[in-house]
Amino acid sequence: MDSYLKLENISKSFGTRKVLDSVTLTAEKGEFISLLGPSGCGKTTLLRIIAGLEKQNEGRVILEGRDYSYVPASCRNFGIVFQSYALFPNLTVTQNIGYGLQSRRMSRAERNEIIDEMLDITALHHEKDKYPFQLSGGQQQRVALARALALRPSVLLLDEPLSALDAKVREKLRREIRSIHDRMKITTVMVTHDQEEAITISDKIAVMNQGIIEQFAEPDELYFNPKTRFIAEFIGMINFMDLGGSRIGIRPEQIKIASDSSEGHSAVVNDIEFRGSFLRLFLTLEHSLSDSPLIVDVHSSDPSAKATLCQQQTESSDTGISDQLPVMRSKALSALCTGLLVFYFIAFFLMPLVYIAGLTFYDSDGKFSGLKNLTEYFSSPNMVSSFVHSFTVSGIVTVVTFTLAFFYAYSISRIRVKGSYAFRYMAMLSLFTPTMLHALALIYLFGRQGFVSKLFLTWLNTALGTDFAFPFEIYGATGIIISEVIYTFPHAYLILYVSFAMSDYRLYEAAETLGAGRLRKFFTVTLPSVKYGAVSSLATIFILSFTDMGAPKIVGGQYNVMAVDIYKQVIGQQNFAMGATVAVLLMVPALIAFCIDRLIQKKQDASFSSKSVPYMVKPNKTAETAAFIYCLVIAICIAAVIGTSVFVSFISFFPV
């Protein structure tokens, strides 16, 4: 009779390194199997191959006689609990458990029934409305287990589920996992490097080393009858001794300490470790040629243990003045740097800001006028229109730039785009050029006598025999918007790209194993993972476009904005008080956007994990082609504007 789950000659290599070498393993229905071995032995890779998250080079994964080797992870119905748990941070406990059920398009009533059952099994009813960050490590582990079990999986896969927990919680949850397994009778495969964990919870253990299974047996068989020296040393402690011309292995608990020195072998006690219920003695046998100590475990209540235990003294060392000097110098240097930063902030930021704000309460003659400047500004129709123009242009620029930058960053970080490095550098070109230069380039390209407009009109009128005027007017709001989009694009792109890069790939794998399609992964994983970056980029775009004066001054024509008003009041009319008033008004929305950005940045930094796994791009020809065309068009547009600004610096013609 065939086994329920069967792995046949599984091999896997990463480059020239062979991780798995013809691994064969079987599991019966309802059995609990552990893959045990040191780090790098291939156990996690084997589990990922079973789950469908990794493709083997050779071999087959067979379940109930069906070959699952090339079945996508989303279609295997294998539940998996990741080492990091991979809980969706934007979803509650209930929503996390029901994620896979919703992917299967179950009715709300069916989903609620299964979710309630899982909450009962894992004792999470009181935490059902909490988010993952509000839970302890043990509770998060239960949620991940409940989410995997909710799908009634054919096989449950556990990737070191208890490694991140403290000893007491780990022991408790170990019993709970075994209890749930016995209750639901689901075939389970667990990866672990903890020998005690594997021995206490498993029906059978496969001990792996350097990509192969050295022995597959029940826990007691592995402990008392190991096939290789590696297994003997890896499963528990063991002493190897040369006795009677033979080399034998003896477990520490099998050696007895005799009260009579005439019995057995004499030994010297080198060290003693108190382990609670027992003492671990490190001995050296007399006349022994071995450098390795003989390890003996003695129960704490054993009279011989009490006779052997001695008090170990520890020496304390005094800390002299010489040891404290480096610390004192470090504190003095830190205080000096802090003082310089405070001085710089007050002298070059706070005081000028207070001075400008104070000017708003004085007239052009230097007399105190209260809110007269503010009232005068808003009573002028031209001033009000510039205020409205600033918000209108900045709003349009924010929407357009964010949309372009979002899909540009998404294409480079999530899709295998050819020439992605070149596209990254092209996106950042406008960081090194002022907006005035962008505006000048637009005039040279699309001005009334610009290169593009002149060539277009010449060709069109020659071809049709007409006298058309160029339909694209670069001066005014259109020119300002295009210039600001080019200016703010790299700032938005960099923020969004970092947000995409910092998102955890394991969330995508979790969604895939729960049956989520591409669109659902985009809305439930991608967007939530970059939401803080998205808000931060929106605030940044708005600040930059709202406060910029270069592009509006060059290409704005008669379309006034607040930044140009400051220029006119200060430079044109020498009215510093009114210029200060406009500057303060300009600063208010920018300051609000800045505060929002700082708040969002803090939340984003808190949401990032130092253990996040980078996104692993998978091949998709259709998406790759579309993304390449999109990035190429954006890069050409940026390069055309920047290239034009460089080119025109060598000529004396200005296309007015």
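Residues numbered from 1 in each chain as written. Predicted model: local features only at pLDDT ≥ 70, side-chain atom pairs only at ≥ 80, totals over all residues. Heavy atoms only, no water.

This brings us to the pattern of salt bridges. Following the criterion strictly, the structure yields 15 salt bridges and no others. Here E8 and K6 are joined by a salt bridge, their closest N and O atoms 3.3 Å apart. By relative accessible area, which is 28% here, K6 ends up partly exposed. A salt bridge links R174 to E196, with the shortest nitrogen-to-oxygen separation between them at 3.6 Å. With R174 in helix α6 (residues 167-184) and E196 in helix α7 (residues 195-201), the pair connects residues that are 22 residues apart, well separated along the chain. Connected through shared salt-bridge partners, K6, E8 and R60 make up one network. (Salt bridge = Lys/Arg side-chain N within 4 Å of Asp/Glu carboxyl O. Buried < 20%, exposed > 50% of the residue type's maximum accessible area, 1.4 Å probe, protein only. Helix = DSSP H or I, 4+ residues; strand = E, 2+ residues; numbered from the N terminus.)

Let us look at the sheet that holds strand β2 (residues 17-27). The strand order across the open sheet formed by 4 strands is β2-β1-β4-β5, and the pairing between neighbours is antiparallel. Here the strands that pair on one side only, and so sit at the sheet edges, are β2 and β5 (66-67). Relative to β2, strand β1 (residues 5-14) runs antiparallel, the two sharing 7 bridges. Paired with L5 across the strands is A27, a residue of β2. Helix α1 (residues 43-51) rests against β1, β2 and β4 (58-63) of the sheet, and its axis sits at about 120° to β1. (Pairing = 2+ DSSP bridges. Contact = heavy atoms within 4.5 Å. Axes fitted to C-alpha atoms, helices over the stretch in contact; angles between N-to-C directions.)

What follows covers unusual backbone geometry. Of all residues except glycine, most have a negative phi; of all peptide bonds, most are trans. Of note, the phi angle at A86 is positive, near 50°, even though the residue is not glycine. Examined against the element boundaries, A86 turns out to sit in the loop between β6 (78-81) and α2 (93-97). Non-glycine residue K185 carries a positive phi angle of around 55°. Looking at the element boundaries, K185 is found in the loop between α6 and β8 (187-192).

A separate point is the sheet that holds strand β7 (residues 155-159). Read from one edge to the other, the open sheet built from 6 strands follows the order β6-β7-β8-β3-β9-β10, with strand pairing classed as mixed. Every interior strand has two partners, whereas the edge strands, β6 and β10 (212-217), have only one. Between one strand axis and the next, the sheet turns by 20° as a mean value, whatever way the strands run. Two strands pair when backbone bridges link them, and β7 and β8 are joined in this way by 5 bridges, in the parallel orientation. For L158, the partnering residue across the bridge sits in β8 and is M190.

Another aspect to go through is the pairing of β1. Pairing of β1 with β4 involves 5 bridges; the strand directions are antiparallel. Counted as the bridge partner of K6 is I62 from β4. Counting the residues between successive antiparallel strands, the hairpin from β1 to β2 contains 2 residues, one of them, G15, with a positive phi of roughly 70°.

Quick look at the side chain of T526 now. Checked against the element boundaries, T526 lands in helix α19 (residues 518-529). In this structure the side chain of T526 is engaged in a polar contact, spanning 2.8 Å, whose partner is the side chain of Y508. Not counting residues up to four positions away in its chain, the partners in contact with T526 are Y410, F500, Y508 and K521. (Polar contact = N/O pair within 3.5 Å; in protein donor to acceptor, adjacent residues only side chain to side chain.)

As a further point, take the packing of aromatic side chains. Tallying each qualifying case throughout the model produces 20 aromatic pairs. Geometrically, the ring pair formed by Y410 and F522 is edge-to-face, given 5.7 Å between the ring centres and 85° between the ring planes. Here F522 lies in helix α19 and Y410 lies in helix α13 (residues 381-414), a separation of 112 residues in the sequence. An aromatic cluster is present here, built from F402, F406, F407, Y410, F500, F522 and F523 joined pairwise through their rings. Against the face of F240 rests R229, its NZ or CZ located 4.1 Å from the ring centre. (Phe/Tyr/Trp six-rings, centres within 6.5 Å; stacked < 30°, edge-to-face > 60°. Lys NZ or Arg CZ within 6 Å of the ring centre and 35° of its normal.)

Together, V342, F345, I346, F349, L350, M351 and V354 make up a nonpolar patch on the protein surface, roughly 640 Å² of accessible area in all. The residue I346 is located in helix α11 (residues 321-359) in this model. (Patch = residues over 30% accessible without salt bridge, like charges linked within 9 Å, V, L, I, M, F, W, Y side chains within 5 Å. Areas by Shrake-Rupley, 256 points an atom, 1.4 Å probe, with all protein chains shown as cover.)

The next thing to look at is the nonpolar core. Among the nonpolar cores identified, the biggest contains 77 residues, and F88, I97, M118 and L157 are the most heavily contacted of them. Looking at which element gives the most residues to this core, the answer is helix α5 (residues 137-149), with 6 residues. Those residues within four positions of M118 in sequence are excluded, and the remaining contacts are I97, A146, L149, A150, R152 and M184. Among the nonpolar cores identified, the runner-up in size contains 43 residues, and Y408, Y497, C631 and I638 belong to it. (Core = buried A, V, L, I, M, F, W, Y, C linked by side-chain atoms within 4.5 Å.)

Shape descriptors only; they carry no functional weight alone.
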